[in-house]
Amino acid sequence: MNQLRSLIRDVPDFPEAGIVFKDIAPLLGDAAALDKALDLMTDPYRDRDISHVAGIEARGFILATPVAVRVAAGFVPIRKPGKLPWKTVKTTYDLEYGTDSIEAHADAVAPGDRVLVVDDVLATGGTAAAAVELMRSLGADVVGVSVLVELSFLGGRAKLDVPIASVIVYDD
Ligand code: AMP
């Protein structure tokens, strides 16, 4: 775990002043670490009959697709508005200042489907909670959320009512 942690780089004041960005690029670039991280993200959800893994744009896509392959599920993209070509559904959520939205294709999942939501970082939890809501709006069951990095001091877990698996947790 310390080996994985050592491959996540803190970038102060990116993309704006006051934010410490968790850059996972060094971990993604290390074959053994990437394989291990994907296994750890997948393990809690093996044998859970997952039908689809929904990845949140953009770094969530990188992790969600190999997790989907590991549990023999399909991949579903969740994107910023205006990016998906087909008919979409949208969820809007609050940010510190203002709101943001995410979309999925209206036929991406359906009642009876069992979805795992994947992203790189769980921070305040707003994005993951919106993704859960989006999948539920299409009638799917959300089995859980899996992230590579959790910034636990931001309290994102409190926004979610599904199990959350995180590989690397930062307490401060
Ligand atoms: P939140 O909705 O606050 O949980 O933010 C989660 C989303 O923002 C994820 O898609 C992350 O990629 C991104 N994010 C938030 N904070 C950070 C951070 N400190 N480092 C890297 N990505 C972050």
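Going by the structure above, here's the rest.
In what follows, the accompanying structure is described. Predicted model, so just to flag it, every value in this text is computed and none were measured.

Looking now at the nonpolar core. Counting 28 residues, the largest nonpolar core has Leu-27, Ile-50, Val-53, Val-118 and Leu-148 as the members making the most contacts within it. Elements supplying a minimum of two residues to this core: α3 (31-42), α4 (59-70), β7 (114-122), β8 (141-151) and β9 (164-170). Those residues in contact with Val-53 that sit more than four places away from it in its chain are Ala-64, Val-67, Ala-68, Val-71, Ala-73, Gly-74, Phe-75, Val-76, Leu-116 and Val-118. Grouped together as the second largest cluster of nonpolar side chains are 27 residues, Val-132, Leu-138, Val-162 and Ile-164 included.

In the vicinity of the ligand there are 13 residues, among which Asp-119, Asp-120, Thr-124, Gly-125 and Thr-127 approach most closely. Val-20 places a polar main-chain atom, nitrogen or oxygen, 3.0 Å from a nitrogen atom of the ligand. Taking Thr-127, its side chain carries an N or O atom lying 2.5 Å from an oxygen atom of the ligand. Within the complex, 81% of the 480 Å² of free accessible area of the ligand lies under protein. Among the secondary structure elements, those contributing two or more residues to the shell around the ligand are β2 (20-23), β7 and α5 (126-137). Here the shell around the ligand is composed, by residue class, of five nonpolar, four polar and four charged.

Take the side chain of Ser-146 next. Among the structural elements, Ser-146 can be located in strand β8. Once you skip the residues sitting within four places of it in the chain, Ser-146 turns out to touch Met-41, Tyr-45, Leu-116, Val-117, Val-118, Asp-119 and Ala-165.

We now examine the packing of aromatic side chains. Under the definition given, this model contains two aromatic pairs. Aromatic pair Phe-14 and Phe-21: ring centres 5.2 Å apart, planes at 85°, arrangement edge-to-face. Residue class for Phe-14 comes out partly exposed when judged on its relative accessible area of 43%. Ring geometry for Phe-61 versus Phe-75: centroids 5.6 Å apart, planes at 85°, classification edge-to-face. Of the two residues, Phe-61 sits in helix α4 while Phe-75 sits in strand β4 (residues 74-78), which places them 14 residues apart along the sequence. Taking the relative accessible area as the measure of exposure, Phe-61 reaches 22% and is therefore partly exposed. Looking at Lys-22, its charged tip hangs above the ring of Tyr-170, at a distance of 3.7 Å from the centre.

Turning to the side chain of Thr-91, a few remarks are in order. Summarising the element assignment, Thr-91 is placed in strand β5 (residues 88-94). By relative accessible area, which is 4% here, Thr-91 ends up buried. Beyond its immediate chain neighbours, meaning those up to four positions away, Thr-91 contacts Asp-100, Ser-101, Ile-102, Ala-130, Glu-133 and Leu-134.

Cut-off values and rules
Residues numbered from 1 in each chain as written. Predicted model: local features only at pLDDT ≥ 70, side-chain atom pairs only at ≥ 80, totals over all residues. Heavy atoms only, no water. Core = buried A, V, L, I, M, F, W, Y, C linked by side-chain atoms within 4.5 Å. Buried < 20%, exposed > 50% of the residue type's maximum accessible area, 1.4 Å probe, protein only. Helix = DSSP H or I, 4+ residues; strand = E, 2+ residues; numbered from the N terminus. Contact = heavy atoms within 4.5 Å. Near = heavy atom within 4 Å. Polar contact = N/O pair within 3.5 Å; in protein donor to acceptor, adjacent residues only side chain to side chain. Areas by Shrake-Rupley, 256 points an atom, 1.4 Å probe, with all protein chains shown as cover. Nonpolar A, V, L, I, M, F, W, Y, C, P; charged D, E, K, R; others polar. Phe/Tyr/Trp six-rings, centres within 6.5 Å; stacked < 30°, edge-to-face > 60°. Lys NZ or Arg CZ within 6 Å of the ring centre and 35° of its normal.

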